[in-house]
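The primary structure of each chain is shown beneath.
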Amino acid sequence: SAVISQKPSRDICQRGTSLTIQCQVDSQVTMMFWYRQQPGQSLTLIATANQGSEATYESGFVIDKFPISRPNLTFSTLTVSNMSPEDSSIYLCSVVGQDYEQYFGPGTRLTVT
Amino acid sequence: QKEVEQDPGPLSVPEGAIVSLNCTYSNSAFQYFMWYRQYSRKGPELLMYTYSSGNKEDGRFTAQVDKSSKYISLFIRDSQPSDSATYLCAMKGGGGFKTIFGAGTRLFVKA
């Protein structure tokens, strides 16, 4: 299994500002993912964070808005830049463990006012 | 049309009832089918994992996959208040790790 922690657990931010979310895993993993979960909607993959290379973004998400860092095999950050109320959501970090199962962090609940 | 359709509920049942949760999908390439349980203010946790068609049972939980109908189900027997959560179906094709999730069904089990 993999145990994932995220910081912060929640935040309220003003529009136009940026927030960086941290994801820490208790074991080395190759694949880390960032998801967005909006009320009543399915989990939406933002990007796959690759260690030592650029993140791979899904359609509709761009690096300027959601820059990602992956400095090692246990840590990643997602920044939500120039926030607007539409960015209010839960942001989830996820990894594929050594058992090939997918694990999720507890999420970061973001409210943009 | 969404790749995965799931009724968001909410679904409210009395304790001890049999719960049936369902998803339909459109992509015939999906081979791996999962059910995740998500408690309030927590991340999703894997509950059941099924490859291809058939049934899989784990305690009070049974997952069914009917690939011919593109329909998957999760049954919960003897439901408990602790089963109150959002249940997300998920699926993916072979060879890659991009998983497609349903919107989740909120379940309330009343004591």
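In short, a report on the structure. (Residues numbered from 1 in each chain as written. Chains lettered and ligands numbered in written order. Predicted model: local features only at pLDDT ≥ 70, side-chain atom pairs only at ≥ 80, totals over all residues. Heavy atoms only, no water.)

## Description of the sheet that holds strand E1 (residues 4-6) of chain B
All names here are of chain B.
Line of reasoning, step 1. On the basis of which strands lie adjacent, the open sheet formed by five strands has the order E1-E3-E8-E7-E6 and antiparallel pairing. Each having just a single partner strand, E1 and strand E6 (54-58) make up the two edges of the open sheet. Along the sheet, successive strands turn relative to each other by an average axial angle of 15°, direction set aside. (Pairing = 2+ DSSP bridges. Helix = DSSP H or I, 4+ residues; strand = E, 2+ residues; numbered from the N terminus. Axes fitted to C-alpha atoms, helices over the stretch in contact; angles between N-to-C directions.)

## Describing the environment of Pro81(B)
Residues and elements named next belong to chain B.
Line of reasoning, step 1. Along the chain, Pro81 falls in the loop between strand E8 (71-76) and strand E9 (85-93).
Line of reasoning, step 2. On the basis of relative accessibility, which here comes to 34%, the residue Pro81 falls in the partly exposed class.
Line of reasoning, step 3. As for Pro81 and Leu107, which are separated by 26 residues in sequence, their C-alpha atoms are 9.6 Å apart. (Buried < 20%, exposed > 50% of the residue type's maximum accessible area, 1.4 Å probe, protein only.)

## Some remarks on the layout of surface pockets
Line of reasoning, step 1. Its boundaries defined by the atoms lining it, the largest pocket holds a volume of some 710 Å³.
Line of reasoning, step 2. Forming the walls of the largest pocket are 29 residues, and the residues nearest its centre are Gln37(A), Ile90(A), Arg109(A), Gln38(B) and Arg41(B).
Line of reasoning, step 3. The set of elements that each furnish at least two residues to the lining of the largest pocket consists of strand E9 (89-96) and strand E11 (108-112) of chain A together with E9 and strand E11 (105-110) of chain B.
Line of reasoning, step 4. When the residues that make up the lining of the largest pocket are grouped by side-chain class, the tally is ten nonpolar, 14 polar and five charged.
Line of reasoning, step 5. Taken as a whole, the second largest pocket spans an internal volume of roughly 430 Å³.
Line of reasoning, step 6. As for the second largest pocket, its lining consists of 21 residues, and the residues nearest its centre are Ser42(A), Leu43(A), Thr44(A), Ile100(B) and Phe101(B).
Line of reasoning, step 7. Taken together, the elements giving at least two residues each to the lining of the second largest pocket come down to strand E5 (44-50) of chain A together with E1 and strand E10 (100-101) of chain B.
Line of reasoning, step 8. For the lining of the second largest pocket, the leading source of residues is E1(B), giving three residues.
Line of reasoning, step 9. Residues of the lining of the second largest pocket, tallied by class, amount to nine nonpolar, seven polar and five charged. (1 Å grid on protein atoms, 1.4 Å probe; cavity = no way out; pocket = protein on both sides within 12 Å on 5 of 7 lines; lining within 4 Å. Points joined across faces, edges and corners; volume = space filled by probe spheres on them. Nonpolar A, V, L, I, M, F, W, Y, C, P; charged D, E, K, R; others polar.)

## Focus on the sheet that holds strand E3 (residues 19-25) of chain A
Residues and elements named next belong to chain A.
Line of reasoning, step 1. If you walk across this open sheet you meet the four strands as E1-E3-E8-E7, and the pairing is antiparallel. Strands at the two margins of the open sheet, each flanked by one partner only, are strand E1 (4-7) and strand E7 (68-72). Geometrically, the sheet is characterised by an average inter-axis angle of 15° between neighbouring strands, direction not taken into account.
Line of reasoning, step 2. As defined by bridge partners, E7 adjoins strand E8 (residues 75-80) across three bridges and the pair is classed as antiparallel. Among the inter-strand pairings, Ser69 is bridged to a residue of E8, identified as Thr77.

## Section: the interface of chain B and chain A
Line of reasoning, step 1. Across the boundary between the two partners, chain B contributes 14 residues, which contact 20 residues of chain A.
Line of reasoning, step 2. Carbon and sulfur atoms make up 55% of the surface buried where chain B meets chain A, a total of about 1,400 Å² over both sides.
Line of reasoning, step 3. Run the count over chain B and chain A and you get one salt bridge.
Line of reasoning, step 4. With a shortest N-O distance of 2.6 Å, Lys98(B) and Glu58(A) are connected by a salt bridge.
Line of reasoning, step 5. Linking chain B with chain A are three residue pairs in polar contact (both at pLDDT 80 or more), by the criterion used here.
Line of reasoning, step 6. Residues of the side of chain B that touches chain A, tallied by class, amount to seven nonpolar, four polar and three charged. (Contact = heavy atoms within 4.5 Å. Buried area = accessible area lost by both parts, 1.4 Å probe. Salt bridge = Lys/Arg side-chain N within 4 Å of Asp/Glu carboxyl O. Polar contact = N/O pair within 3.5 Å; in protein donor to acceptor, adjacent residues only side chain to side chain.)

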